[in-house]
Amino acid sequence: TPEISPDAMIVCVGDIVTFTHTGIPDVGNETWITSSPDVDNLSAATRELAWNTPGTWDVSLTYAIPGCMPLTSAAIIEVRDSVKTPVISCADSGTDFILWNWDAQTGVDYEILIDGSPEAIITETEFRLDNLSQGDMRVITVIAKDDICGDKTASLPCVANVCITP
């Protein structure tokens, strides 16, 4: 009976999954099938596949010996799109606060650092820092967390307003 074994079941777009197979006799025909429209390199005893589209994809190997019933082995691979690098803006500021915001991403946690020190882990796409003095500059670092495909990080300095007296 053929058996296929992927070296990973959850990967990121563009990552290579190596499939090995066992239980194949020396005679007969093997047919690899995948539900994905964009895989690469189906050949030899070790198959290396990469996906350009996120999703859950089936991969199967069917082995047929003439005069015998075909045998099939299958695996399901989850391909994830990686998070995007946050695009941060200085959204607002007063004489005692700074408000930053960034683009929204579904299901992403953001780690917030202010001047390099951890401040919070949030799901919101804005962060307000209060109790500042006029002209204080702070640098926010926003880390979009992705345990599978890798975190993406961006930083931006902003300044609390200076009150100009007439």
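Every value quoted in this text rests on a predicted model; they were computed, and no experiment measured them.

A.B. asks: Can you explain the overall build of the protein chain? Please cite residues and give values.
C.D. replies: Counting its regular elements, the protein chain contains zero helices and 14 strands. Walking the protein chain from its N terminus toward its C terminus, one meets helices and strands in the order β-β-β-β-β-β-β-β-β-β-β-β-β-β. Split into buried and exposed, the 166 residues of the protein chain put 33% on the buried side. Considering only residue pairs separated by 6 or more positions, the protein chain has 56% of its internal contacts joining residues 24 or more positions apart. Accessible surface for the protein chain amounts to roughly 9300 Å². Of this, 51% is attributable to carbon and sulfur atoms.

A.B. asks: How would you summarise the nonpolar core if you had to cite specific residues and measurements?
C.D. replies: Judged by nonpolar contacts, the single largest core of 19 residues is most densely connected at W100, W102, Y110, I112, F127 and I140. Listing elements by their share of this core, those giving two or more residues are β9 (98-102), β10 (110-114), β12 (126-129), β13 (137-144) and β14 (152-159). Listed in part, the 13 residues of the second largest apolar core include W32, V59, L61 and A75.

A.B. asks: Mind laying out the pattern of salt bridges, listing which residues take part and the relevant values?
C.D. replies: Within this structure, the stated rule accounts for seven salt bridges. Close ionic contact of K145 with E111 constitutes a salt bridge, the shortest N to O distance being 3.4 Å. Separated by 34 residues along the polypeptide, K145 in the loop between β13 and β14 and E111 in strand β10 bring together distant segments of the chain. Residue K145 is classed as partly exposed on the basis of its relative accessible area of 29%. Among the charged side chains, a salt-bridge network with shared partners connects E111, K145 and D151.

A.B. asks: Provide a residue-level description of the environment of C12, including the pertinent values.
C.D. replies: Inspection of the secondary structure assignment puts C12 in strand β2 (residues 10-12). Residue C12 is classed as buried on the basis of its relative accessible area, which comes to 6%. When the C-alpha positions of C12 and W51 are compared, they lie 8.2 Å apart, and in sequence the two are 39 residues distant. Not counting residues up to four positions away in its chain, the partners in contact with C12 are V79, R80, I148 and C149.

A.B. asks: Can you tell me about the sheet that holds β2, naming the residues and giving the values?
C.D. replies: What holds strands together in a sheet is hydrogen bonding between their backbones, with the strands either parallel or antiparallel. Across the sheet, which stays open at both edges, the four strands sit in the order β2-β7-β6-β4 with mixed pairing between neighbours. Only two strands of the sheet have a single neighbouring strand rather than two, namely β2 and β4 (29-34). Each strand of the sheet is rotated relative to its neighbour by a mean of 25°, with strand direction disregarded. Relative to strand β6 (residues 55-64), β4 runs antiparallel, the two being bridged by six bridges. Bridging across to β6, N29 finds its partner in A64.

Cut-offs used in this document
- Residues numbered from 1 in each chain as written.
- Predicted model: local features only at pLDDT ≥ 70, side-chain atom pairs only at ≥ 80, totals over all residues.
- Heavy atoms only, no water.
- Helix = DSSP H or I, 4+ residues; strand = E, 2+ residues; numbered from the N terminus.
- Buried < 20%, exposed > 50% of the residue type's maximum accessible area, 1.4 Å probe, protein only.
- Contact = heavy atoms within 4.5 Å.
- Areas by Shrake-Rupley, 256 points an atom, 1.4 Å probe, with all protein chains shown as cover.
- Core = buried A, V, L, I, M, F, W, Y, C linked by side-chain atoms within 4.5 Å.
- Salt bridge = Lys/Arg side-chain N within 4 Å of Asp/Glu carboxyl O.
- Pairing = 2+ DSSP bridges.
- Axes fitted to C-alpha atoms, helices over the stretch in contact; angles between N-to-C directions.

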